[in-house]
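This is what each chain is made of:
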Amino acid sequence: MKHKLQKLAAEEGASAVITAIMLSFLLGMASLTIDIGMSYAEASAIQNVADAVALSLGQCLPVEDNAAAIAGVVALADEYAEKNGYTGLTAEDIVFGDLVEGRYRSLTINLSKTTPTYLAKIIGVEEITSRKSATVSAVPAGSLVGCVPVGISAHAYQTAIETGIKEHVVFKEGGGGGENGFFGYIVIDGSNGNARALLDTFKYGYDGEVCVGDIYPVAKGNKASVAKEGVNYRMSLCTHFPGDGGCNYLHYVEDCPRVMTFMIYDFMDFNTVRVKGFSAFVLEYSENEDEIQGSFIELNVAHTSYTSDIDGGIYTYRLTG
Ligand SMILES: [Zn+2]
């Protein structure tokens, strides 16, 4: 009997130990689960900040590969991060990528946050670090407000770009022996496409949105002097760089009237075109009235509804990672 009691006591002691071990194990697991749950919430918050900062910086892309431009982006990133409740963002948290012709076309924001654990300390886990990143990339804009009723064919654009000459490019009105290619008048404003309507849209830019895939009629009839008058009007409105001849491709203000955005299109037939993308010129005075002369520039625009497969130098942005 005594023997049996001793054995029972020993078994109970053992099971108490086992129970204690099991309990602390379960408690440890439970506490870790709670802390991991909280760190997931933290990670999700960090991801939202990374996305928001990346999207806010999209308008800076492409970024010149020089210290001043990069410092400017870092300062903006820090400002946006703070607005989103994240402090302490540094230059090391931003990785610039896709360097093309001296300009970065993407950037990645890497954020991390270390939070002390509450319960998992019991099992020796003092803190949990969440790391999240977001990448934003410049992509060719596929919709634009402010276009002139002028465009060049995708083939003409490609040919012009392949020459490698981006400055003082001359496009002649379709048909003739253009120096660098041809342009055509396109009716984007729903008007009858006469010279007066074209000139108005040329001067002020179309206030509606032109999108990739849009189909428009080619303007018919006599359009003599529309380009000349339109270009002269836009040239005359520039008030920038007064001591230096105003805006030109070396120095310009993006919303200056001398900066003109136009369509790149494909002919569907002789009378109709389909928009493929967009490009931008800083206009220059030209000798002949059926010509448009300018230098290609790159522009960053706000978020647009569509993107384009043709890189005409006008960029919007999208989160790509
Ligand atoms: Zn200007």
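Residues numbered from 1 in each chain as written. Predicted model: local features only at pLDDT ≥ 70, side-chain atom pairs only at ≥ 80, totals over all residues. Heavy atoms only, no water.

Visitor: Any details on the coordination of the zinc ion? Residues and values, ideally.
Guide: Around the zinc ion, the protein contributes the donor atoms Cys238 (SG), His240 (ND1), Cys247 (SG) and Cys256 (SG), which lie 2.1 to 2.3 Å from the metal centre. With 4 donor atoms in place around the zinc ion and angles of 102 to 116° between them, the coordination shape is tetrahedral. Relative accessible area serves as the criterion here: at 2%, Cys256 is assigned to the buried category. (Donors = N, O, S within 2.8 Å, 3.2 Å for Na, K, Ca; no water. Tetrahedral: all angles 85-135°; square planar, octahedral: opposite > 155°, others 65-115°. Buried < 20%, exposed > 50% of the residue type's maximum accessible area, 1.4 Å probe, protein only.)

Visitor: Which residues make up the pairing of strand E2 (residues 94-100), and what values go with them?
Guide: Direction of pairing for E2 relative to strand E3 (residues 103-116): antiparallel, over a ladder of 6 bridges. When the sheet's bridge partners are listed, Phe96 is paired in E3 with Leu107. (Pairing = 2+ DSSP bridges. Helix = DSSP H or I, 4+ residues; strand = E, 2+ residues; numbered from the N terminus.)

Visitor: A description of the environment of Phe267 should follow, citing residues and the corresponding values.
Guide: Inspection of the secondary structure assignment puts Phe267 in strand E11 (residues 259-269). When the C-alpha atoms of Phe267 and Ile215 are compared, they prove to be 9.6 Å apart, with 52 residues separating the residues in sequence. Apart from residues lying up to four places away in sequence, Phe267 is in contact with Val218, Thr272 and Val273. (Contact = heavy atoms within 4.5 Å.)

Visitor: So, the pattern of salt bridges: which residues are in play, and what are the values?
Guide: Per the counting criterion, the structure on display carries 11 salt bridges. One salt bridge in this structure joins Glu64 and Arg103, with 3.0 Å as the shortest N-O distance. Residue Glu64 is found in strand E1 (residues 63-64), and its partner Arg103 is found in strand E3; the two are separated by 39 residues along the sequence. One continuous salt-bridge network, built from bridges that share partners, spans Glu64, Arg103, Arg105, Glu298 and Asp311. (Salt bridge = Lys/Arg side-chain N within 4 Å of Asp/Glu carboxyl O.)

Visitor: Go over the layout of surface pockets with me, naming the residues and quoting the values.
Guide: Approximately 670 Å³ is the volume attributed to the largest pocket. Among the elements of the structure, E1, helix H2 (67-83), E3, helix H3 (154-162) and strand E13 (291-297) are those that each provide at least two residues to the lining of the largest pocket. It is H3 that provides the largest number of residues to the lining of the largest pocket, a total of 3 residues. Here the residues of the lining of the largest pocket are counted per class, giving 14 nonpolar, 6 polar and 9 charged. A domain-level breakdown of the lining of the largest pocket finds at least three residues from each of domain 1 (2-138) and domain 2 (143-319). Estimates place the volume of the second largest pocket at around 280 Å³. Every residue lining the second largest pocket is counted, 17 residues in all, and those nearest its centre are Gly146, Glu254, Asp255, Val259 and Thr261. (1 Å grid on protein atoms, 1.4 Å probe; cavity = no way out; pocket = protein on both sides within 12 Å on 5 of 7 lines; lining within 4 Å. Points joined across faces, edges and corners; volume = space filled by probe spheres on them. Nonpolar A, V, L, I, M, F, W, Y, C, P; charged D, E, K, R; others polar. Domains from an automatic or database assignment.)

Any functional reading would require information that these geometric values do not contain.
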